[in-house]
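# Structural description and commentary
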Amino acid sequence: MIEKTSPHSVSETIDRMQAAVESAGATVFARVDHAAGASSVDMDLRPTQMLMFGNPKLGTPAMLDAQTAGLDLPLRVLAYADAEGVVRLVYHDPADLAAAHGLPADAKYVQMMTGALDKLTSAATAEE
């Protein structure tokens, strides 16, 4: 996994991530608040939220090469507060997606996913 530290709360980090995704022209498919889910069954979980998003221009070529890539697409990022209260933003390296599904490691879409995830997560975790 690739991990970045965020100076923002979990909710604000995911808000910023969603804004970056939408500004880039990608689609947000889901936002899951795992802590709220835990609370609904009377359990406590530190703040934890997942954002699922994608761009069919990148994901479709991957699935044309190996339809099983659809198991790991759209892309996801997870923001959570660790035991010390530090907010972390994590995601799977697209190279792992390629390896898991037998995709060409040098495929342009893998490179583009890698660059997009770095750029979007950097925007979400920026100090500003």
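On a predicted model such as this, the values are computed, not experimentally measured, just so you know. (Residues numbered from 1 in each chain as written. Predicted model: local features only at pLDDT ≥ 70, side-chain atom pairs only at ≥ 80, totals over all residues. Heavy atoms only, no water.)

## Digging into unusual backbone geometry
Residue L73 is joined to P74 through a cis peptide bond whose omega torsion reads 0 degrees. Looking at where P74 falls in the secondary structure, it is placed in the loop between α3 (56-65) and β4 (75-81). Residue D42 is not a glycine yet carries a positive backbone phi of 55 degrees. (Helix = DSSP H or I, 4+ residues; strand = E, 2+ residues; numbered from the N terminus.)

## Overview of the pairing of strand β5 (residues 87-91)
Taking burial as the measure, the five residues of β5 include five buried ones, the bulk of the element. Here β5 shows no split at all, with V87, L89 and Y91 on one side and R88 and V90 on the other all buried. Here strand β1 (residues 2-6) runs beside β5; their pairing, made up of five bridges, is antiparallel. Note that in β5 the partner of T5 across the bridge is R88. A loop of five residues connects β4 with β5, the two strands running antiparallel in sequence, and G85 in this loop sits at a positive phi of about 90 degrees. (Buried < 20%, exposed > 50% of the residue type's maximum accessible area, 1.4 Å probe, protein only. Pairing = 2+ DSSP bridges.)

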